[in-house]
Amino acid sequence: MAARHDAIEANPMKSVAPVEEPDHEVATFTLEDVAELREILARWDAGLDASGRRRGTDLADPVDFFLGTGCRPGEVFALMWEDVDFTIQPFTVDIHRTMAKSREGRWTVQNKTKTGGGRRLFLPAFVGKMLLRRRVESFSELVFPSSTLTPRIPDNFRLQWHIALKGTRFEGRVPKEFRSTVATAIR
């Protein structure tokens with residue numbers, strides 16, 4: 001800014017080299033990790049909270065959906081039953097919404113994905129089976145609603161995830177790694 005306003009003769013930034021960003025290793029789960037993780041989360045969901053009531057966290061089913069589709073958490077939690085087609089084999093899902101934060105910091109369902117487009121995905125059998133079970137039990141237009149049947153906030157899912165995995169070998173891992181895991185498996 002000083003150089004632009006002629007307060008100094010030359011721009012000192014012209015002699016500064018760009019900061020090199022180190023390559024980061026993409027974190028993924030192995031097949032063994034996935035099997036163990038699914039088991040841990042299923043046990044957690046079936047357990048009791050500190051008050052002795054059944055937990056309402058619902059972590060295992062969204063994880064299966066992540067694994068079967070590679071979708072982003074916001075896309076998964078904005079998914080509605082009208083987006084799932086059970087009439088064809090394999091079942092399909094249309095991904096065209098996501099959860100997004102407004103400028104005020106409030107989470108809302110946005111009628112477009114992060115990339116702006118939508119996509120139709122063919123679902124693996126294990127995901128289709130899980131969705132059929134959920135559809136029969138569902139009281140919401142959302143596939144993965146919060147415990148109050150409102151859109152689930154990805155931040156809350158991550159918090160529940162970290163609590164459930166505390167003390168396991170997966171402590172510190174993040175749900176975002178499922179997207180990398182699916183992409184690596186496809187590649």
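Residues numbered from 1 in each chain as written. Predicted model: local features only at pLDDT ≥ 70, side-chain atom pairs only at ≥ 80, totals over all residues. Heavy atoms only, no water.

What exactly am I supposed to notice about the pairing of strand S2 (residues 92-95) here?
Walk down a regular strand and you will see the side chains alternate between the two sheet faces. Side-chain alternation along S2 places Thr92 and Asp94 on one buried face and Val93 and Ile95 on a second face that is also buried. Both strand S1 (residues 84-85) and S2 contribute to a ladder of 2 bridges, which runs antiparallel. By the bridge assignment for S2, Val84 is matched with Val93. The antiparallel pairing of S1 with S2 creates a hairpin that spans 6 residues between the two strands. Strand direction decides the pairing type here: S2 and strand S5 (residues 119-122), joined by 4 bridges, are antiparallel. Paired with Thr92 across the strands is Phe122, a residue of S5. (Buried < 20%, exposed > 50% of the residue type's maximum accessible area, 1.4 Å probe, protein only. Helix = DSSP H or I, 4+ residues; strand = E, 2+ residues; numbered from the N terminus. Pairing = 2+ DSSP bridges.)

Honestly, helix H4 (residues 125-137) in this entry has me stumped. Any pointers?
For an α-helix, 3.6 residues make a turn, and residues three or four places apart therefore share a direction. The terminal C-alpha atoms of H4, which comprises 13 residues, lie 19 Å apart, in line with the 18 Å expected from a rise of 1.5 Å per residue. All buried positions along H4 are accounted for by Val127, Gly128, Met130, Leu131 and Arg134. Take H4 and look down its axis: the buried residues cluster within an arc of 165°, on one side only. Turned more than 90 degrees away from the buried face of H4 sit Ala125, Lys129 and Val136, all of them exposed. Here the buried face of H4 lies against helix H2 (60-69) and S1. (Expected span 1.5 Å × (residues − 1). Arc of directions from axis to C-beta. Contact = heavy atoms within 4.5 Å.)

The quantities given are spatial measurements derived from coordinates; they are silent on function.
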